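Architecture and fold: a report
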Amino acid sequence: MQKKPVKKSSSSGGRFIVILLLVAIIIAVSIWLLRGCSDSSPQVPEIPQEEKKAEPPPPPKVYKYRKPSENPRFGEQFIYRNAVAGNIPNLPLSQKAGSGILVDLNTREVLWQKNAASGVPIASMTKMMTLLLTFEQLEEREGLTLDTPIKVSVAAYKIGGSQVYLDPRETFSLGELMKSVAIKSANDSAYLIAEYLNDQDIPGFAARMNRRAAELNMPGTRFVNPYGLPNNAGENSISSAEGMAILAEHLLEYPKLLEWTSTVRAPFREPGSPNWQDMTNTNKLVRDCPGVDGMKTGYIGKSGFCLTATCLRGGRRLVGVVTGFDTSANRDKFMRQLLDWGYQRAAELQQ
């Protein structure tokens with residue numbers, strides 16, 4: 001009897017498929033578990049950090065002599081677009097000015113200008129930079145005050161021109177010397193101050209004056225000494241009308257200076273002493289021109305009669321600068337007219 005052929009069971013193929021499915025499931029589960037563990041690992045609770053307290057602003061800088069300007073536009077460039085240029089038709093004396101400028105510091109508007117950026121000899125208006133550097137040193141140098149005593153040097157004693165006749169046997173406070181520079185335009189005092197502040201190095205002090213002028217962007221400016229006479233080489237300190245107006249604005253931050261420059265008369269030395277002087281302000285406008293409180297006159301042959309005038313009327317601050325006049329009388333008369341004209345012009349521009 002023939003045997004029937006035995007059929008291969010399909011169960012082995014099914015088992016193989018089942019095994020594959022199980023392996024796939026195991027792999028999938030393993031992957032899931034691995035991901036789950038990493039994602040669901042216990043989070044270390046963040047310890048809330050104590051909120052940082054806002055640091056208080058630094059205290060405002062305390063100045064000894066400077067009162068920072070409250071003008072929000074302090075130091076901005078002057079605006080020339082509305083300036084009357086050259087001679088002013090209804091002010092004939094403007095023809096006698098070699099250069100000049102009139103600026104409304106409130107608005108930065110230049111009301112009038114004549115060769116305003118040209119460097120010209122400025123004579124004793126040079127001392128304005130000497131005074132600015134001195135006030136800045138008073139703020140920066142520890143132990144330096146207006147009461148600091150300064151002994152007169154032989155070199156200061158020998159300086160000529162406008163002076164208070166310092167004697168090497170004398171000693172004065174820095175404040176007394178500065179006051180004589182501001183009121184009497186004392187060359188000997190200006191020299192002595194610069195000598196004291198810069199270790200007897202006058203050329204070095206002049207170099208500091210020039211660096212400061214560059215920082216202030218004073219066009220056409222080069223100082224050769226701290227007092228304004230020609231140096232030994234015959235060179236003059238020069239600046240521009242615009243430069244002197246910039247310098248004047250920075251000096252206005254020192255109320256003590258304005259106290260001096262607005263003083264009509266003041267004594268130098270104790271009354272009864274051999275060289276006592278009754279100093280008269282070289283700027284005659286502080287006597288009779290409303291609002292004028294400074295700032296500096298100047299004269300040598302090369303400069304003509306010069307003046308930087310600061311004026312405050314009704315809250316509006318103007319600075320006027322003129323150079324090259326033939327007489328001090330014409331210079332002063334023109335500045336009075338210029339300031340009156342300027343306040344009217346400033347009001348018109350704001351209408």
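This report concerns the structure included in the present document. (Residues numbered from 1 in each chain as written. Predicted model: local features only at pLDDT ≥ 70, side-chain atom pairs only at ≥ 80, totals over all residues. Heavy atoms only, no water.)

Observations regarding the overall build of the chain
- When helices and strands are tallied, the chain shows 10 helices and 12 strands.
- Split into buried and exposed, the 351 residues of the chain put 48% on the buried side.
- Contacts in the chain between residues at least 24 apart in sequence constitute 66% of all its contacts with a sequence separation of at least 6.
- About 19100 Å² of surface is accessible on the chain, with carbon and sulfur atoms providing 55% of the total. (Helix = DSSP H or I, 4+ residues; strand = E, 2+ residues; numbered from the N terminus. Buried < 20%, exposed > 50% of the residue type's maximum accessible area, 1.4 Å probe, protein only. Contact = heavy atoms within 4.5 Å. Areas by Shrake-Rupley, 256 points an atom, 1.4 Å probe, with all protein chains shown as cover.)

A short note on the packing of aromatic side chains
- What the rule picks out here adds up to 7 aromatic pairs.
- Each ring, one from tyrosine 299 and one from phenylalanine 305, has its centre 4.1 Å from the other, and the planes form 20°; the classification is stacked.
- Exposure remark for phenylalanine 305: the relative accessible area of 19% places this residue in the buried category.
- Each member of the aromatic cluster is reached from another via a ring pair, and the members are Trp112, Phe325 and Phe334. (Phe/Tyr/Trp six-rings, centres within 6.5 Å; stacked < 30°, edge-to-face > 60°.)

Concerning the pairing of strand 2 (residues 99-104)
- Buried residues dominate strand 2, accounting for 6 of its 6 residues.
- By the alternation rule, side chains of strand 2 split into Ser99, Ile101 and Val103 and Gly100, Leu102 and Asp104, which are all buried.
- Pairing of strand 2 with strand 12 (residues 316-325), which is carried by 6 bridges, proceeds in the antiparallel orientation. Bridge pairing in strand 12 places leucine 102 opposite glycine 320.
- Here 5 bridges tie strand 2 to strand 3 (residues 109-114), and the two strands are oriented antiparallel to one another. Following the sheet pairing, isoleucine 101 is matched in strand 3 by glutamine 113.
- Where strand 2 hands over to strand 3, the hairpin turn is made up of 4 residues, of which arginine 108 adopts a positive phi near 75°. (Pairing = 2+ DSSP bridges.)

Observations regarding the environment of glycine 298
- Its location among the elements puts glycine 298 in strand 10 (residues 292-300).
- For the pair glycine 298 and serine 185, spaced 113 residues apart in the sequence, the C-alpha separation amounts to 8.4 Å.
- Sequence-distant contacts of glycine 298, that is, excluding residues within four places in its chain, are made with Ile122, Ala123, Ser124, Met125, Gly304, Phe305, Cys306 and Arg331.

Considering the side chain of threonine 221
- Topologically, threonine 221 is positioned in the loop between helix 6 (202-215) and strand 7 (238-239).
- Here the side chain of threonine 221 touches methionine 218 through a polar contact of 3.2 Å, landing on its backbone oxygen.
- Among the polar contacts listed, one links the side chain of threonine 221 to the side chain of serine 239, at a separation of 2.7 Å.
- The contact partners of threonine 221, leaving out residues within four places of it in the chain, are Asn210, Ala213, Ile238, Ser239 and Ser240. (Polar contact = N/O pair within 3.5 Å; in protein donor to acceptor, adjacent residues only side chain to side chain.)

Concerning the pairing of strand 11 (residues 304-313)
- Most of strand 11 sits out of view: 9 of its 10 residues are buried.
- In the sheet, strand 10 pairs with strand 11 via 8 bridges, with the strands oriented antiparallel. Following the sheet pairing, valine 292 is matched in strand 11 by cysteine 311.
- Here strand 10 folds back onto strand 11, and the loop between the two strands holds 3 residues.
- Sheet analysis places strand 11 next to strand 12, joined by 8 bridges and oriented antiparallel. Across the sheet, residue leucine 307 finds its bridge partner in strand 12, namely valine 322.

Concerning the environment of leucine 91
- Of note, leucine 91 is situated in the loop between strand 1 (84-85) and strand 2.
- Taking relative accessible area as the criterion, leucine 91 reaches 8% and is therefore assigned buried.
- Residues leucine 91 and phenylalanine 334, 243 residues apart in the sequence, show an inter-C-alpha distance of 7.7 Å.

Regarding helix 5 (residues 187-197)
- Counting buried positions along helix 5 yields 10 of 11 residues, so the element is predominantly enclosed.
- Of all the residues in helix 5, the buried ones are Asn187, Asp188, Ser189, Ala190, Tyr191, Leu192, Ile193, Ala194, Glu195 and Leu197.
- Against the buried residues of helix 5 lie helix 2 (127-140), strand 5 (149-151), helix 3 (154-157), helix 4 (174-184) and helix 6.
- Count one or two residues on from helix 5 and you reach aspartate 199, which has phi positive near 55°.

Let's talk about the side chain of glutamate 242
- Looking at where glutamate 242 falls in the secondary structure, it is placed in helix 7 (residues 241-251).
- Salt bridges are absent for the buried glutamate 242, whose nearest opposite-charge side chain, arginine 108, sits at 9.1 Å. (Lys, Arg positive; Asp, Glu negative; His and termini not counted. Salt bridge = Lys/Arg side-chain N within 4 Å of Asp/Glu carboxyl O.)

Observations regarding unusual backbone geometry
- Residue glycine 294 is joined to methionine 295 through a cis peptide bond whose omega torsion reads 20°.
- A positive phi is found at asparagine 217, a non-glycine position, where the angle reads about 55°.
- Inspection of the secondary structure assignment puts asparagine 217 in the loop between helix 6 and strand 7.
- Backbone geometry places arginine 269, a non-glycine residue, at a positive phi of 80°.
- Mapped onto the elements, arginine 269 comes out in the loop between strand 8 (265-268) and strand 9 (277-280).

The analysis is restricted to geometry; functional conclusions fall outside its scope.
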